[in-house]
Amino acid sequence: MKQAFEYFIEAVMVTIIIAIIVGAMNITSQIREANEFHNLAIAEVEASDFDDSIIKKYATGEVNPNVITEFKNDSSVDYASERIYKVTTTYKISLPILGYVKTTTISGYAR
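Please read all numbers here as calculations on a predicted model, not as lab measurements.

Draft legend 1. Region of the structure containing the sheet that holds strand E3 (residues 100-110). In space, the three strands of this open sheet follow the order E1-E2-E3, with antiparallel pairing throughout. Of all the strands in the sheet, the pair left with one neighbour each is strand E1 (68-73) and E3. Looking at each pair of strands side by side, their axes are set apart by 20° on average, direction ignored. Strand direction decides the pairing type here: E1 and strand E2 (residues 85-95), joined by six bridges, are antiparallel. The partner of glutamate 70 across the bridge, within E2, is threonine 88. Packed onto the sheet, helix H1 (residues 2-47) meets E1, E2 and E3 and runs at close to 160° relative to E2. Here helix H2 (residues 52-59) sits on the sheet in contact with E1 and E2, set at roughly 140° to E1.

Draft legend 2. How the structure looks around the confidence of the model for the protein. Taken residue by residue, the protein gives an average pLDDT of 88. The fraction at 70 or more is 95%. Taken element by element, the protein is modelled with least confidence in E1, mean pLDDT 87, and with most confidence in H1, mean pLDDT 93.

Draft legend 3. Main features of the pairing of E2. In terms of strand pairing, E2 meets E3 through eleven bridges, oriented antiparallel. Counted as the bridge partner of threonine 88 is serine 107 from E3. Linking E2 to E3, which pair antiparallel, is a turn of four residues; within it glycine 99 sits at a positive phi near 70°.

Draft legend 4. Looking closely at the environment of asparagine 26. Position of asparagine 26 relative to the elements: it lies in helix H1. Separated by 27 residues in the primary sequence, asparagine 26 and serine 53 have C-alpha atoms spaced 33 Å apart.

Draft legend 5. Spatial organisation of the packing of H1 against H2. Interhelical geometry of H1 versus H2 gives an angle of 165° and a closest axis separation of 9 Å. When the axis of H1 is compared with that of H2, the two are roughly antiparallel. Of the two elements, H1 crosses H2, and the hand of that crossing is left-handed. In this structure, H1 uses Phe37, Leu40, Ala41, Glu44 and Val45 to contact H2, whose residues at the interface are Ile54, Ile55, Lys57 and Tyr58.

Draft legend 6. Highlighting a nonpolar patch on the surface. A contiguous nonpolar patch, built from Phe5, Phe8, Ile9, Val12, Met13, Ile16 and Ile20 and spanning about 660 Å² of accessible area, is present on the exposed surface. Structurally, phenylalanine 8 can be placed in helix H1. In this structure phenylalanine 8 comes out as exposed when scored by relative accessible area, which is 52%.

Draft legend 7. Here's a closer look at the pattern of salt bridges. If you walk through the whole model with that rule in mind, you get three salt bridges. Between arginine 32 and glutamate 36 there is a salt bridge, with the nearest N and O atoms lying 3.6 Å from each other. Residue arginine 32 and its partner glutamate 36 are both found in helix H1; the two are separated by four residues, about one turn of the helix. When the shortest N-O distance is used, the salt bridge between glutamate 44 and lysine 57 registers 3.0 Å. One end of the pair, glutamate 44, is in helix H1; the other, lysine 57, is in helix H2, and 13 residues separate them in sequence.

What counts and what doesn't
All residue numbers refer to position in the chain's written sequence, counted from 1. Reporting in this predicted model follows two pLDDT cut-offs: at least 70 for local features of residues, and 80 or more for side-chain atom pairs to be given and counted; totals over whole chains, interfaces and linings ignore these cut-offs and use all residues. In computing side-chain values, all of the structure's heavy atoms are included and hydrogens and water are not. Here the rule is simple: two strands pair whenever DSSP picks up at least two bridges between them. Under the DSSP-based scheme used, a helix requires at least four consecutive residues in state H or I and a strand at least two consecutive residues in state E, with every element numbered from the N terminus. The axes are straight lines fitted to the C-alpha atoms, using for helices just the contacting stretch, and the angles between their N-to-C directions are given from 0 to 180°. We call two residues contacting when some pair of their heavy atoms lies within 4.5 Å. Along the chain, pLDDT gives the predictor's confidence residue by residue, from 0 to 100. Each angle gets one of four labels, with under 35 degrees taken as roughly parallel, over 145 as roughly antiparallel, 65 to 115 as roughly perpendicular, and the rest as oblique. For any helix crossing, the convention is left-handed if the near helix is rotated counterclockwise from the far helix by under a right angle, and right-handed if that rotation is clockwise. A patch is a set of surface residues, each over 30% in relative accessible area and not in a salt bridge, joined within 9 Å for like charges and within 5 Å for the nonpolar side chains Val, Leu, Ile, Met, Phe, Trp and Tyr. All accessible-area figures derive from a Shrake-Rupley calculation using a 1.4 Å probe, and residue coverage is judged against the displayed protein chains alone. Salt bridges are defined as contacts in which a side-chain nitrogen from Lys or Arg sits within 4 Å of a carboxyl oxygen from Asp or Glu. Only protein chains enter the calculation, and the probe is 1.4 Å; a residue is then buried if its accessible area is under 20% of its type maximum, exposed if over 50%, and partly exposed in between.

Shown next, in the form of structure tokens:
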């Protein structure tokens, strides 16, 4: 009887560990997708020569409603001839098994 109980406890522990590992892989995937989206937003805005319609498309969440991207004109006096926009992408990562949700941001520049 003792051995059956030990096997049961081991099976439960292995199941919990596997669930946490799968959740960690899911979080890694969410972060990778947000980074790819952030880079796509920067590339698309730069390619459009800072077109307002493209900026609004990303800022309103039209492209991806789960990710909000903000563009702020950050041209300083030193770079008056060059347009520089600070791009901030805000997204949520979650681990549903543990009820963990965190809002994270990525910052970059579009020139």
